[in-house]
Amino acid sequence: MMTTVLDDNVHVIAAEDVTSDGLDDVLIGTIYNDEEFKIKHNLCTINSINWARVMVQIAHYFYSYFQVCKSVGQTVEIVVPTGAAGNITAGCIAKFMGLPIKLVAVVNKNDIIFRTLENGDHSLAESVIPSLAPAMDIQSPYNFQRILWLFSAMDTEFVDKLMKLFENERKFELSSEIMKKLNAVLSSYKLNDDGILQTMKTCWHDNQYLVCPHTAIAVSYVYGKTKHSTNEEAVPRICLATASPAKFPEAVLEAGLTPQTTPAVEALLTMQTKSIHVKGADDLGRVVRNKIESITSKVKNKPV
């Protein structure tokens, strides 16, 4: 879809062999965190590093809550497919604003968030494991520091100390005190690819509703909870749906289901495209820097 945007002010770079974490390492670690380069070229992001995106998502939690609560004040559990943890950060802020919710961060086999919320182990694994839910193939969920800031009573020194420790040693452990505060609101759940496929299949067979691989992890959590609870015990739950399953036809086929498309998606297949293709993280970093330099140069030299 992005490659079909042909406007002169849009520059699409398609990178092969780069994971979500690898993309973050290049675009955030070596480019966006280069303060001199960022200021020189007036850069900003539109991912969840940008507070504006997280702020907008806060409203989703209030809207969703009022769709399912039987009375204002009832606790509702919201299940959030989690990668870089931007969306669930918005949920935490909504909680601190007074919304009576509990949050579940669901992840795939790249499970740093799960390990952190289960036992305080915030450590990098040896490598990112490719999965059917690629937006969650993340080892360094950069929004988690915002969550720590919220639950540590906005203690910037505490958070800074942990982030520096993580940068230097690739891990840190949370104290029982901060874990108690986190677990009063947050829990986690993880699922492997086989479980994702089974849930996609079950959801279709039971409801004729097709979900994407990321959403399937949230649905799997809810299936497990509702299976072991009575109607009286049931807590209202919401699954946040991550994306259209039309974006993941390979996973849909692997689940033994039929991919569904739309006229808009079909139209994309025959549209003219424009992009720069690169291979690997090193090539991506070089091309992005050069493109930014080129754009800035043209803007500065353009007659007013």
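Residues numbered from 1 in each chain as written. Predicted model: local features only at pLDDT ≥ 70, side-chain atom pairs only at ≥ 80, totals over all residues. Heavy atoms only, no water.

## Some words on the pairing of strand 3 (residues 101–107)
Within a regular strand, side chains alternate between the sheet's two faces. We apply this condition: Relative accessibility thresholds used throughout: buried, under 20% of the residue-type maximum; exposed, over 50%; partly exposed, between the two (1.4 Å probe, protein chains only). Here a strand is any run of E in DSSP of at least two residues, a helix any run of H or I of at least four, and the numbering for each starts at the N terminus. Paired strands, as defined in this entry, are two strands with at least two bridges between them according to DSSP.
Taken across its seven residues, strand 3 has six buried, putting it largely inside the fold. In the sheet, strand 2 (residues 76–81) pairs with strand 3 via six bridges, with the strands oriented parallel. Bridge pairing links valine 79 to valine 104 in strand 3.

## Considerations on the packing of aromatic side chains
To describe a pair of aromatic rings, you give the distance between the ring centres and the angle between the ring planes. As a reminder of what qualifies: Two rings belonging to Phe, Tyr or Trp (six-membered ring only in the last case) form a pair when the distance between their centres is within 6.5 Å. Interplanar angles under 30 degrees mark stacking, angles over 60 mark edge-to-face geometry, and anything in between is tilted. When the NZ atom of lysine or the CZ atom of arginine is within 6 Å of a ring's centre and also within 35 degrees of its normal, the charge is said to sit over that ring.
Evaluated as defined, the whole model comprises four aromatic pairs. Judged by centre distance (6.0 Å) and plane angle (75 degrees), the rings of phenylalanine 166 and phenylalanine 172 are edge-to-face. Of the two residues, phenylalanine 166 and phenylalanine 172, both sit in the buried class. Lying across the ring of tyrosine 32, lysine 38 places its NZ or CZ 4.2 Å from the centre.

## A word on the sheet that holds strand 2
Our working definition: Every angle, taken between N-to-C directions, lies between 0 and 180 degrees, and every axis is a line fitted to C-alpha atoms, over only the stretch in contact when it is a helix.
Taken in spatial order, the four strands make up an open sheet running 6-3-2-7, and their pairing is parallel. One side of each edge strand has no neighbouring strand; the edge strands of this open sheet are strand 6 (186–190) and strand 7 (237–239). Neighbour-to-neighbour, the strand axes of the sheet open up by a mean angle of 25 degrees, direction not taken into account.

## Observations regarding the nonpolar core
Cut-off, in case you're wondering: Each nonpolar core is a collection of buried residues, namely Ala, Val, Leu, Ile, Met, Phe, Trp, Tyr and Cys, held together in the definition by side-chain atoms within 4.5 Å. We call two residues in contact when some of their heavy atoms are within 4.5 Å.
Counting residues in each nonpolar core, the largest one holds 41 residues, and the members touching the most others are Tyr61, Leu103, Leu182 and Leu186. Looking at this core, the elements that each hand over two or more residues are helix 3 (51–68), strand 2, helix 4 (86–96), strand 3, helix 5 (112–119), helix 6 (144–151), helix 7 (156–169) and helix 8 (176–183). Here tyrosine 61 is in contact with Ile78, Val80, Asn87, Ile88, Ala90, Gly91, Ala94, Leu99, Ile101, Leu103 and Leu240, once residues within four sequence places are set aside.

## Here we look at the packing of helix 4 against helix 6
Geometrically, a packed helix pair is captured by the angle between its two axes and the distance between the axes. To keep things clear, this is the line we draw: Angular relationships are summarised with four words: roughly parallel below 35 degrees, roughly antiparallel beyond 145, roughly perpendicular across 65 to 115, and oblique for the angles in between. Each helix crossing is assigned a hand: it is left-handed if the near helix lies turned anticlockwise from the far helix by less than a right angle, otherwise right-handed if that turn is clockwise. Ten residues, namely Ala, Val, Leu, Ile, Met, Phe, Trp, Tyr, Cys and Pro, are considered nonpolar, four, namely Asp, Glu, Lys and Arg, are considered charged, and the remaining ones, Gly among them, are considered polar.
The N-to-C vectors of helix 4 and helix 6 enclose an angle of 15 degrees; their axes lie 9 Å apart at closest approach. With respect to helix 6, the axis of helix 4 lies roughly parallel. The handedness of the crossing between helix 4 and helix 6 comes out as left-handed. Together, Ile88, Thr89, Cys92, Ile93 and Phe96 of helix 4 and Arg146, Ile147, Leu150 and Phe151 of helix 6 make up the contact between the two elements. Of the residues assigned to the contact of helix 4 with helix 6, the class counts are seven nonpolar, one polar and one charged.

## Considering the pairing of strand 2
Our working definition: The definition of a right-handed crossover adopted here requires that, viewed with the strands pointing away, the path from the first strand over the helix to the second runs clockwise.
In terms of residue burial, strand 2 counts as a mostly covered element, since six of its six residues are buried. Covered by surrounding structure in strand 2 are Val76, Ile78 and Val80 together with Glu77, Val79 and Pro81, the residues of both alternating faces. For the crossover that starts at strand 2, traverses helix 4 and ends in the parallel strand 3, the hand is right-handed. The pairing of strand 2 with strand 7 spans three bridges and is parallel. The residue of strand 7 that forms the bridge with isoleucine 78 is isoleucine 238.

## Observations concerning helix 3
For clarity, the threshold we go by: What a helix is expected to span follows from its residue count: subtract one and scale by 1.5 Å. As used here, the arc is the angular range of directions from the helix axis to the C-beta atoms.
The terminal C-alpha atoms of helix 3 lie 27 Å apart, and with 18 residues this matches the ideal 26 Å at 1.5 Å per residue to within 8%. Residues of helix 3 that are buried: Val54, Gln57, Ile58, Tyr61, Ser64 and Tyr65. Buried residues along helix 3 cover an arc of 130 degrees about the axis, so they all sit on one side. Seen from the buried face of helix 3, the exposed residues on the opposite side, beyond 90 degrees, are Val56 and Tyr63. Taken together, the buried residues of helix 3 touch strand 2, helix 4, strand 3, helix 6 and strand 7.

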